[in-house]
Amino acid sequence: MSLELFLIVAAALFCVGLFGALTQQSIVMLMMGLELMLGGVILAAGAAWHYIAPATADGQVLIVVAITAMAVEMAIGFAVVTALFRSREIDMTDMAAELRE
Amino acid sequence: MTTSAFWVLAVLAVASGVMVFRFDSMARATFSLLTALLCVGGELIVLGLDYLGIVTVLMMTIEMAIMAVFMIMFMMNPAGLTPMTMVHNKRGAAAVCALSFVLLLVGILLAPWPRRSGRPPVDPTMDLGLSLMGPQMLTMMTLGMALFATIVATVVLSTQRGRYDRYGDRLQDPRPDDPVRGGVGR
């Protein structure tokens, strides 16, 4: 095992998540893509800590930040979906395009 | 043993990640994502980060359970009984993702990664705790405020009654029209 192997797995997870975030029309499925991308970031941070600077806790702190971002993203995402659905019965990204205006 | 665990978890994580966007059933997609994220937690444990690995596993299990409920609430085909696609610009997105992966791969393989400095501490969890309560205290406080703001924002967004319901269409009412009285001075 090496840093490169872990980073390749992390990159694969990130890119699969990116595909989901770019293609999915359902807002909840889009959020699943974002979760997968953050999973890749967590793995890359863990590998960087272990293979580059294990003596300091900076890599671990980055993982804590990414895990918090995952929790916040999910909570706010579901709240936004709930608010959108209540006001206009929208649960698809294409139907919420008027938010840009 | 560790190498075998790495490969099994890595293959399972990527395969489950791909299956998230291939399943018709929303429940299956959620549990596929859970499998991918549990494998990420397992990889952290392989790296020696036991505490963060277990936190990831526990958090993702609960998070995906909640997500499954939301999926079934909002999706029209939660059980996957009828085939359907809910995607747009699949080819463009696939090209962007393939290009991103190739770029990342080139960067990973060609970058001059620094040599390992220092050794892992005997107890990485204590190291993390001392860091968060010491030099990284500002990070911890920022995360705390972000979580608190999230609690307030989710309650505000999820509640059905807005300020127009409470204060009238032109916000002209001196007192809010709440179904239950309460608060300071009321």
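Sequence order as written defines the numbering, with residues in each chain counted from 1. Just so you know, chain letters begin at A and ligand numbers begin at 1, following the order they were written in. A pLDDT threshold of at least 70 governs which residues receive local features in this predicted model, and a stricter bar of 80 or more applies before side-chain atom pairs are shown or counted, although totals over entire chains, interfaces and linings include all residues. Based on all heavy atoms of the structure, the side-chain values leave hydrogens and waters out of the count.

- Per an unreviewed UniProt entry, chain B goes by NADH-quinone oxidoreductase subunit J and derives from Streptomyces durocortorensis.
- The record held by UniProt for chain B lists under Catalytic activity (unreviewed entry) the comment "a quinone + NADH + 5 H(+)(in) = a quinol + NAD(+) + 4 H(+)(out)".
- UniProt positions are given in the numbering used here, feature names are shortened, and annotations may be inferred rather than shown by experiment. What the UniProt record of chain B gives under Function (unreviewed entry) is the line "NDH-1 shuttles electrons from NADH, via FMN and iron-sulfur (Fe-S) centers, to quinones in the respiratory chain. Couples the redox reaction to proton translocation (for every two electrons transferred, four hydrogen ions are translocated across the cytoplasmic membrane), and thus conserves the redox energy in a proton gradient."

- Under an unreviewed UniProt entry, the name given to chain A is NADH-quinone oxidoreductase subunit K, and the source organism is Streptomyces durocortorensis.
- Recorded under Subunit (unreviewed entry), the UniProt text for chain A is reproduced unchanged: "NDH-1 is composed of 14 different subunits. Subunits NuoA, H, J, K, L, M, N constitute the membrane sector of the complex."

### Remarks on the UniProt feature "transmembrane region" (unreviewed entry) in chain B
Residue and element names in this part refer to chain B.
Item 1. The positions UniProt marks with the feature "transmembrane region" (unreviewed entry) are residues 6–23, 30–49, 55–81, 93–113 and 133–157.
Item 2. Strands are runs of DSSP state E lasting at least two residues, helices are runs of H or I lasting at least four, and both sets are numbered from the N terminus onward. Helix makes up 83% of residues 6–23 and strand makes up 0%, while its end C-alpha atoms are separated by 25 Å.
Item 3. Between the C-alpha atoms that bound residues 93–113 the distance is 30 Å, and the span itself is 86% helix and 0% strand.

### Side note on the UniProt feature "transmembrane region" (unreviewed entry) in chain A
All names here are of chain A.
Item 1. Under the UniProt annotation, the feature "transmembrane region" (unreviewed entry) is placed at residues 6–22, 34–53 and 59–85.
Item 2. Span residues 6–22 is 100% helix and 0% strand, its end C-alpha atoms 24 Å apart.
Item 3. Taken end to end, residues 59–85 has its terminal C-alpha atoms 39 Å apart, with 100% of it in helix and 0% in strand.

### Some thoughts on the side chain of Glu63(B)
Item 1. Position of Glu63(B) relative to the elements: it lies in helix 3 (residues 50–74).
Item 2. Burial classes: relative accessible area under 20% of the type maximum marks a residue as buried, over 50% as exposed, and values in between as partly exposed (1.4 Å probe, protein chains only). Asp and Glu are treated as the negative residues and Lys and Arg as the positive ones, with His and the ends of the chain left uncounted. Any Lys or Arg side-chain nitrogen located within 4 Å of an Asp or Glu carboxyl oxygen qualifies as a salt bridge. Despite its burial, Glu63(B) pairs with no opposite charge, the nearest such side chain being Arg86(A) at 21 Å.
Item 3. Contacts between residues were defined by any pair of non-hydrogen atoms, one from each residue, lying within 4.5 Å. The contact partners of Glu63(B), leaving out residues within four places of it in the chain, are Glu35(A), Met70(A), Ala71(A) and Met74(A).

### Structural notes on the packing of aromatic side chains
Item 1. Only rings of Phe, Tyr and Trp enter the pairing, Trp through its six-membered ring, and a pair is recorded when the two centres are within 6.5 Å. The plane angle decides the type: under 30 degrees is stacked, over 60 is edge-to-face, the rest tilted. Inspection of every chain in the model, using the stated rule, returns three aromatic pairs over all chains.
Item 2. Ring geometry for Phe6(A) against Tyr51(A): centres 5.9 Å apart, planes inclined by 45 degrees, an arrangement best described as tilted. Note that Phe6(A) is positioned in helix 1 (residues 3–23) and Tyr51(A) in helix 2 (residues 27–51), a separation of 45 residues in sequence. In this structure, Phe6(A) and Tyr51(A) share a single accessibility class: buried.
Item 3. Centre to centre, the rings of Phe6(A) and Phe6(B) are 4.6 Å apart; their planes meet at 55 degrees, and the pair counts as tilted. In this pair, Phe6(A) sits in helix 1 while Phe6(B) sits in helix 1 (residues 2–20), so the two residues belong to two different chains.

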